[in-house]
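The chain contents come next:
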Amino acid sequence: MEAESEPYVRLATMRQLHQAVADLNTARSLADTLQTVADGIVAGLGYELACVNLVRPDGDLVVAAFAGNSAAEALITGRVGSRTSWDRRLAMGEAWDELRFIPHTDGWVLLDDDVPQWHTEGPEPRFEDEWHPQDRLYAPMYASGGGQDLLGVISVDRPRNGRRPGAWGREALQMYASQSAIAISNARLRANMQRALVRLEREQQALRASEESFRQAFEYAPSGMAIAEMGGDQHGRLLRTNDALCRLLGRPASVLRRYSFADLVHPEDIGTLLRTSAEGGRAELRLGRRDGTYLWVSLRNSVVADTADGPRFLLTHVEDIEERKRHELNLAHRASHDALTGLPNSAELRARLSARLCERPHSVASSDVQALDAAYGDGDGALAHGFPSDGFDAGRAVGPYDHHVHSVAPDAVNDDGSKGLAVLFCDLDGFKSINDRFGHHTGDAVLIEVARRLTTCVRDGDTVARLGGDEFVVLADGLGAADAADLAVRLRNAIIPPIRVDGRAVRVGASFGIGWAACGMTAEEVLRSADQRMYVEKRSRSKVHRRAG
């Protein structure tokens, strides 16, 4: 069984969670949003059953959506549980941060309350964290704004792996519940805004009342709202902003009217803003605040007509997604970096290496004339990384318009001054004896210090990764054969000085193998080549020279 701690499992979970959250934003109505919330748990979070209980205006909770079992859905959808019973459940459960878990050993007292529920009988768990059919796990959803205003409760059942969720699974469920609350709130907000827009277009006799309704929805919306000019020389200029947007960007409304979103967007996101269509467009980008910092927001655009034949304006809904982006970046970093040293892990190393490689070996024209022929397609046969002579290959972005920088291995025997992407495979000598003599605590401290020393010896654009155990890999671009050899010497000299751990000085040595990344090779082949050369270098040196002492 795959453990949650495996990096690739965490990365897969993050991708599924990201897709489930993205699906929340595609629902067109509140009912669709609620069903999408339930379906996302079954499809993306690894549970067989999911139920969404929504708070009604009278405070009780109604089963608004169900996923995973059609019979259960028909039985309990639309049924209502009192707020008192729900408060009792949320109060008696074990607190897993915001989640509440009630084991089957405690939940028997809830069998007769009025909360709609679906469960089956089952045997006693065979091990401590096995899921029992009568275990209950709840994820409360709270309205945005920092308070504890309960919006609804997600209940889940039957994890597909048969176990109670670990820390990673709990965090994923809690994040999903938080994003679901935002999606439900936004669905209600969109419904209100759509009703206001319909009134503006169709109810000419009640125009003043409709304008007042729109004004209130705009001014008092919990998320940022803006109206911008469309067309003409002032296209995109902000005409009106609500208090929420002013607070979000730290600028008063009078100042914001001098800008357009193009003036506020992060330089790296200007392309995203320009690609966003005016009507129904959506984008996630960064906007500048008054203090010079940037904030991640989600922009949703709609086109509004002032009157039936009047000018058109752009209505923009701005939602703060900084917290979600921070969580995504944190999850991505944890999935791609070594927990002990903080270096890129094996999967991230292979991804970076693969990004520099393509399927075809790079061929170098033997003369200037051949180079011109290759550039203009006059060579014999298929061009190396170019267009085939028998027509355009639509499945491959290659040719003179291919912006891929091809990697070529320098000639190690006859150094002609060419540069390439060096792959230095490092294996620590004497590390096992340190682990055996002084324990894993000392061994971990040695690995952390070696990682620090390697990182300080390379350039900013180079990569230092931990492959696993006491093996490290350095990717350094733009080096010749002699440069790579010099770098290996500097790295070895940086590693061998004594390392002090708990008042004790220990030493390790290092063996380096130098490989070269070249187009036509896979990442595995490149690493295997460097690994083999490392073992050749290790065997060529006596034990006393391999050990630092």
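Summary of the structure given here.

Rules of the game
Within each chain, residues carry numbers counting from 1 in the order of the written sequence. The predicted nature of this model means local features are confined to residues of pLDDT at least 70 and side-chain atom pairs, given and counted, to a pLDDT of 80 or more, with totals for whole chains, interfaces and linings taken over all residues. Side-chain measures were taken over the full set of non-hydrogen atoms in the model, leaving aside hydrogen atoms and water. Strand pairing is defined by DSSP finding a minimum of two bridges between the two strands. Counting from the N terminus, the helices are the DSSP runs of H or I reaching at least four residues and the strands are the DSSP runs of E reaching at least two. Helix axes are fitted only over the stretch in contact, all axes being lines through C-alpha atoms; the angle between N-to-C directions runs from 0 to 180 degrees. To estimate the expected span of a helix, subtract one from its residue number and multiply by 1.5 Å. Only protein chains enter the area calculation, which uses a 1.4 Å probe; residues under 20% of their type maximum are buried, those over 50% are exposed, and those in between are partly exposed. Working definition: the arc comes from the directions between the helix axis and the C-beta atoms, pointing outward to the latter. By definition in these notes, contact holds between two residues if any of their heavy atoms fall within 4.5 Å. Grouping buried Ala, Val, Leu, Ile, Met, Phe, Trp, Tyr and Cys residues that are joined through side-chain atoms within 4.5 Å yields what is termed a nonpolar core.

Let us look at the sheet that holds strand S12 (residues 312-320). Note on sheets: strands pair through backbone hydrogen bonds, and any given pair is parallel or antiparallel. Across the sheet, 5 strands lie side by side as S9-S8-S12-S11-S10; this open sheet has antiparallel pairing. Only two strands of the sheet have a single neighbouring strand rather than two, namely strand S9 (238-241) and strand S10 (282-288). Each adjacent strand pair in this sheet contributes to an overall mean axis angle of 35°, direction not counted. Relative to S12, strand S11 (residues 294-305) runs antiparallel, the two being bridged by 9 bridges. Looking at the pairing, serine 302 lines up with leucine 315 of S12.

Here helix H17 (residues 481-495) is 15 residues long and its end C-alpha atoms lie 22 Å apart, about the 21 Å a rise of 1.5 Å per residue gives. Residues of H17 that are buried: Ala481, Ala484, Leu487, Ala488, Leu491, Arg492, Ala494 and Ile495. All buried residues of H17 project into a common sector of 160° when viewed along the axis, lining one side. Of the surrounding elements, those touching the buried residues of H17 are strand S13 (420-429), helix H16 (440-456), strand S15 (471-479), strand S18 (509-517) and helix H18 (523-540).

A separate point is the nonpolar core. Residues Leu137 and Tyr176 are the most contacted members of the largest nonpolar core, which totals 38 residues. At the level of secondary structure, the elements contributing two or more residues to this core comprise helix H1 (7-24), helix H2 (30-44), strand S1 (47-55), strand S2 (61-67), strand S5 (99-102), strand S6 (136-142), strand S7 (150-159) and helix H6 (167-202). In terms of residue count, H6 provides more of this core than any other element does, 9 residues in total. Leave out the neighbours within four places in its chain, and leucine 137 touches Tyr47, Trp96, Leu99, Arg100, Phe101, Trp131, Ile154, Ser155, Val156, Pro165 and Leu173.

What follows concerns the environment of serine 254. The residue serine 254 is located in helix H9 (residues 253-256) in this model. Given the relative accessible area of 42%, serine 254 is considered partly exposed. In this structure, the C-alpha to C-alpha distance between serine 254 and leucine 239, residues 15 residues apart in sequence, is 9.6 Å.

Further remarks concern the sheet that holds strand S14 (residues 463-468). Across the sheet, 4 strands lie side by side as S14-S15-S13-S18; this open sheet has antiparallel pairing. The open sheet terminates on both sides in strands that have one partner only, identified here as S14 and S18. Between one strand and the next, the sheet's axes are offset by a mean angle of 25°, whatever the strand orientation. Sheet topology places S13 next to S18; 9 bridges connect them, and they run antiparallel. Note that in S18 the partner of aspartate 427 across the bridge is serine 511. Where H17 meets the sheet, it contacts S13, S15 and S18, and its direction lies at approximately 155° from that of S18. Against the sheet, H18 makes contact with S13, S15 and S18, and its axis sits at roughly 140° relative to S18, the strand it touches most.

None of this, on its own, says anything about what the molecule does.
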